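Topology and contacts: notes
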Amino acid sequence: MPDIDPLDLARDDDDADEAVATEVLARDTAEREARSRLNSRVAIAVALLATFTGVCKVKDDNIVQAMQQAQSDRVDDWNYYQAKNVREEVARAAGDEMRVLSQPAAATRYDSIADNEARKKETIRRKAEGDQTTYDALNYRDDQFDLSDALAAIAISMLAVTSLTHKRWMWYASLVPTALAVLMGLAGLLAWHLHSDTLARLLS
């Protein structure tokens with residue numbers, strides 16, 4: 001039986017330790033690179049989502065201003081409608097009174113005034129209803145932007161957790177609200193008929 005050289009055993013142990021150390025180092029390096037790639041993806045996603053949300057915010061602010069104008073116009077038009085309605089009723093009452101007093105010329109003049117007020121009143125009514133239609137359409141798009149903003153906030157929170165925990169499944173999960181936020185934002189920007197009444201009611 002050949003003699004075993006202790007130096008050979010020591011060298012073998014050193015080689016084994018070096019192999020293990022190399023494997024651990026390689027694993028650590030791979031993990032660091034994976035985390036770095038994941039963090040880069042998270043950073044890019046957050047930057048793009050924040051930019052998109054900013055664009056949507058500008059458009060949403062313009063829509064809110066248009067909603068306020070439509071609401072103001074609607075109130076003014078209905079007030080004007082009521083004023084015209086009162087003038088029509090007064091003119092008709094005056095015409096009836098003139099007929100009772102056997103003054104047909106005056107009655108005809110008041111009837112003409114009443115008919116003219118009725119025509120103007122109908123025009124104002126249609127305009128007020130148009131203002132309401134405009135307001136409803138703008139409010140629909142405002143709800144879309146509100147949904148997009150809420151989903152973007154959820155997505156950014158999940159991306160922040162992803163950056164801290166480096167959980168790949170969290171990254172994939174965060175893509176769901178991210179995609180929905182972009183979809184609803186595009187719907188608001190491009191006036192797509194896409195809406196979630198349930199979520200809108202929760203946010204309103």
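Numbering of residues starts from 1 in each chain and follows the order in which that chain's sequence is written. The model is predicted, so local features are restricted to residues of pLDDT at least 70 and side-chain atom pairs to those at 80 or more, both for listing and for counting; the totals for chains, interfaces and linings are taken over all residues. Remark: hydrogens and water are excluded; side-chain values derive from all non-hydrogen atoms of the structure.

**A look at the environment of L164**
By definition, any uninterrupted DSSP run of H or I lasting at least four residues is a helix, any uninterrupted run of E lasting at least two residues is a strand, and each is numbered from the N terminus. Mapped onto the fold, L164 is located in helix α2 (residues 104-165). Buried residues are those whose accessible area, probed at 1.4 Å on protein chains only, stays under 20% of the maximum for their type, while exposed residues exceed 50% and partly exposed ones sit between those limits. L164 sits in the exposed class, given a relative accessible area of 71%. C-alpha of L164 to C-alpha of R35: the two residues are 129 residues apart in sequence and 10.0 Å apart in space.

**Thoughts on the side chain of S174**
Take S174: it is sitting in helix α3 (residues 168-190). A relative accessible area of 0% places S174 in the buried class. What makes two residues a contact is simply this: any of their non-hydrogen atoms within 4.5 Å. Sequence-distant contacts of S174, defined by excluding residues within four places in its chain, comprise A155, M158 and L159.

**Re α3**
With 23 residues, α3 extends 33 Å between its outermost C-alpha atoms, agreeing within 8% with the 33 Å of an ideal straight helix rising 1.5 Å per residue. Every buried residue belonging to α3 is among M170, W171, S174, P177, T178, A181, M184, G185, A187 and G188, and all of these are buried. With its phi angle positive at about 60°, A191 sits one or two positions after the end of α3. In a helix, the anticipated span is given by 1.5 Å times the number of residues less one.

**Brief notes about the nonpolar core**
In this description, a nonpolar core means a group of buried Ala, Val, Leu, Ile, Met, Phe, Trp, Tyr and Cys residues linked to one another through side-chain atoms lying within 4.5 Å. Counting residues in hydrophobic clusters, the biggest one holds seven residues: L49, L147, L151, A152, A155, A181 and M184. Of all elements in the fold, only α2 and α3 reach the threshold of two or more residues within this core. Take this core: its biggest share by element is four residues, from α2. If near-sequence neighbours (up to four positions away) are discounted, A181 is found in contact with L49, F52, S148, L151 and A152. Membership of the second largest hydrophobic core comes to six residues, among which are C56, I63, L138 and F145.

**Focus: the confidence of the model for the protein chain**
How sure the predictor is of each residue is captured by pLDDT, a score from 0 to 100. Looking at the protein chain, the pLDDT average stands at 84 and 81% of residues meet or exceed 70. Across the protein chain, element-level confidence peaks in α3 with a mean pLDDT of 93 and bottoms out in helix α4 (residues 197-203) with 60.

**Considering unusual backbone geometry**
Positive phi outside glycine occurs at S102, with the angle close to 60°. Turning to its location among the elements, S102 is positioned in the loop between α1 (6-100) and α2. For A191, which is not glycine, the phi dihedral falls at a positive 60°. With respect to the element layout, A191 can be found in the loop between α3 and α4.

**So, the packing of aromatic side chains**
Pairing of aromatic rings covers Phe, Tyr and Trp, the last counted by its six-membered ring, and requires centre-to-centre distances within 6.5 Å; plane angles under 30 degrees mean stacked, over 60 mean edge-to-face, and any other angle means tilted. Considering all chains together, one arrives at one aromatic pair under this definition. Pairing W78 with Y81 gives two aromatic rings, centres 5.2 Å apart and planes at 80°, and the pair type is edge-to-face. With W78 and Y81 both in helix α1 and three residues apart, this pair spans about one turn of that helix. On the basis of relative accessible area, W78 is assigned to the partly exposed category, the value being 27%. Judged by relative accessible area, Y81 falls into the buried class, the value being 16%. A ring is scored as having a charge over it whenever the NZ atom of a lysine or the CZ atom of an arginine sits within 6 Å of its centre and within 35 degrees of its normal. Across the ring face of Y110, the terminal group of R109 is positioned such that the distance to the ring centre comes to 4.9 Å.

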